[in-house]
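Observations on chain architecture
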Amino acid sequence: MVHDKLFPTTVIGSHPKPKWLNKVRKLNEEGEFSDERLEEAMDDAARIVVDEHERAGIDILGDGEMRREEMVEYFAHRIPGYEFNGPVRVWGNNYFEKPSVVEELGDPDPMLVDEFEFTRRAANEGHGVKVPITGPYTLYDWSFDEVYGDDRELIMRLAEIVNDEIHRLADAGARYIQIDEPALSVRPDDIDLVIEATEKVVEGVTKEEHENIERQIMHVCYGDYSAIYPRMLDIPVDQFSLEFVNQDFAHIDTFAEHDFDKEIGFGCVDIHDRDVESVEEIKENIEHAFDFVDPEQVWVNPDCGIKLLPRDVAFGKLENMSKAAEELRAEYE
Ligand SMILES: [Zn+2]
């Protein structure tokens, strides 16, 4: 298996989109470019990203979410029962197409299977593919609810939908699933709901239950992990991929207070900083992980998706990250 070594390298999800892809999407929205042409452009962009990941030395790669605009919107467009009523202001001058649940949610067609199969075909042997999927709690938290009126009921319905999709992915051969729940870290009081929802999300597709699955991973970023620790260890996943550099390694001491009995996807490059960290600096960043886990528990990834970085900076960070992991591997093996 690709991950059977120390410090496997991976990405969280998003990668900078080529400018021409945004242009093609805009032309498609304006009716000047067919859906077929947009599809072709997204395929080309996905191939380029897979190639960049491989050249940068990433073991478990992705397509950089070239087909996705935004992590809730993409799914809300595909799940029957959602409606879009225009953008909502979220912070500063940033707008977000916040969807509304206007009917009981129906069963969507497969949402990510084509994306996964395309990525797997595009990747060369020796590389794994990780599939990020937005978790039910974040789908709920970033939507308006005009139907259920009961948070738990809506979250559990979304958990069923996400579980169905992971079953389809696993049956198609997906090995590494990443459930994205960034909303968790800003709503620590709902940790019990997240635990219950995730039990549903991975039902029948844990690595013990499904022959193809190697890891269920949860990504959480932008928040105070100490508010949900150690309770978060009860979330039934094999690994947490978390942000560390941008928080200046603030929660390492908290993690060290309890036995961190899962793997950690250790965020070791800053996605908000446009300077490419040196290999030496990234090695030092990764070594912070050994304050609370053993080297065997560590995977290496950026803090979060890197779509906001310039493409050359994104590539430079991934490349140095891989070199840092390789050098550490030689030292610790
Ligand atoms: Zn993130």
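In this report, the structure presented in the accompanying data block is examined. What you are looking at is a predicted structure, and each value in this text was computed from that prediction instead of being measured.

Criteria and cut-off values
- Residues numbered from 1 in each chain as written.
- Predicted model: local features only at pLDDT ≥ 70, side-chain atom pairs only at ≥ 80, totals over all residues.
- Heavy atoms only, no water.
- Buried < 20%, exposed > 50% of the residue type's maximum accessible area, 1.4 Å probe, protein only.
- Helix = DSSP H or I, 4+ residues; strand = E, 2+ residues; numbered from the N terminus.
- Pairing = 2+ DSSP bridges.
- Right-handed = clockwise from strand over helix to strand, strands pointing away.
- Contact = heavy atoms within 4.5 Å.
- Polar contact = N/O pair within 3.5 Å; in protein donor to acceptor, adjacent residues only side chain to side chain.
- Donors = N, O, S within 2.8 Å, 3.2 Å for Na, K, Ca; no water.

Another point: the pairing of strand β12 (residues 298-301). Burial along β12 is two-sided: the residues Val 298 and Val 300 and Trp 299 and Asn 301 are all buried. Note: strand β11 (residues 263-267) against β12, four bridges, orientation parallel. Residue pairing for β12: Phe 266 is matched across the bridge by Val 300. In this fold, the crossover linking β11 to β12 by way of helix α9 (residues 279-287) has right-handed handedness.

Tracing the sequence through the fold places Ala 172 in the loop between α6 (151-171) and β8 (176-180). As a C-alpha pair, Ala 172 and Ser 322 span 150 residues in sequence and 28 Å in three-dimensional space. Excluding its chain neighbours within four sequence positions, the residues that come into contact with Ala 172 are Val 113, Phe 116, Glu 117 and Arg 120.

Right, let's talk about the side chain of Arg 67 for a bit. Mapping Arg 67 onto the fold places it in the loop between β1 (60-61) and α3 (73-76). For Arg 67, a relative accessible area of 11% corresponds to the buried category. Looking at Arg 67, its side chain comes within polar contact range of the side chain of Asp 43, at 2.9 Å. For Arg 67, the contacting residues outside a window of four places in its chain are Arg 25, Glu 39, Met 42, Asp 43, Ala 46, Tyr 74, Glu 115 and Phe 118.

Mapped onto the elements of the fold, Arg 25 is located in helix α1 (residues 19-29). Sequence separation between Arg 25 and Ala 324 is 299 residues; the distance between their C-alpha atoms is 36 Å. With sequence-adjacent residues up to four places away left out, Arg 25 is seen in contact with Leu 38, Met 42, Met 66, Arg 67 and Glu 69.

This part takes up the coordination of the zinc ion. Distances from the zinc ion to its protein donors, His 219 (NE2), Cys 221 (SG) and Cys 304 (SG), fall at 2.1 to 2.3 Å. Read N to C, the donor residues that coordinate the zinc ion are spaced as H-x1-C-x82-C. Residue Cys 221 is located in the loop between β9 (215-220) and β10 (239-242), and its partner Cys 304 is located in the loop between β12 and α10 (311-332); the two are separated by 83 residues in the primary sequence. Cys 304 matches Cys 221 in its accessibility class, with the two residues each being buried.

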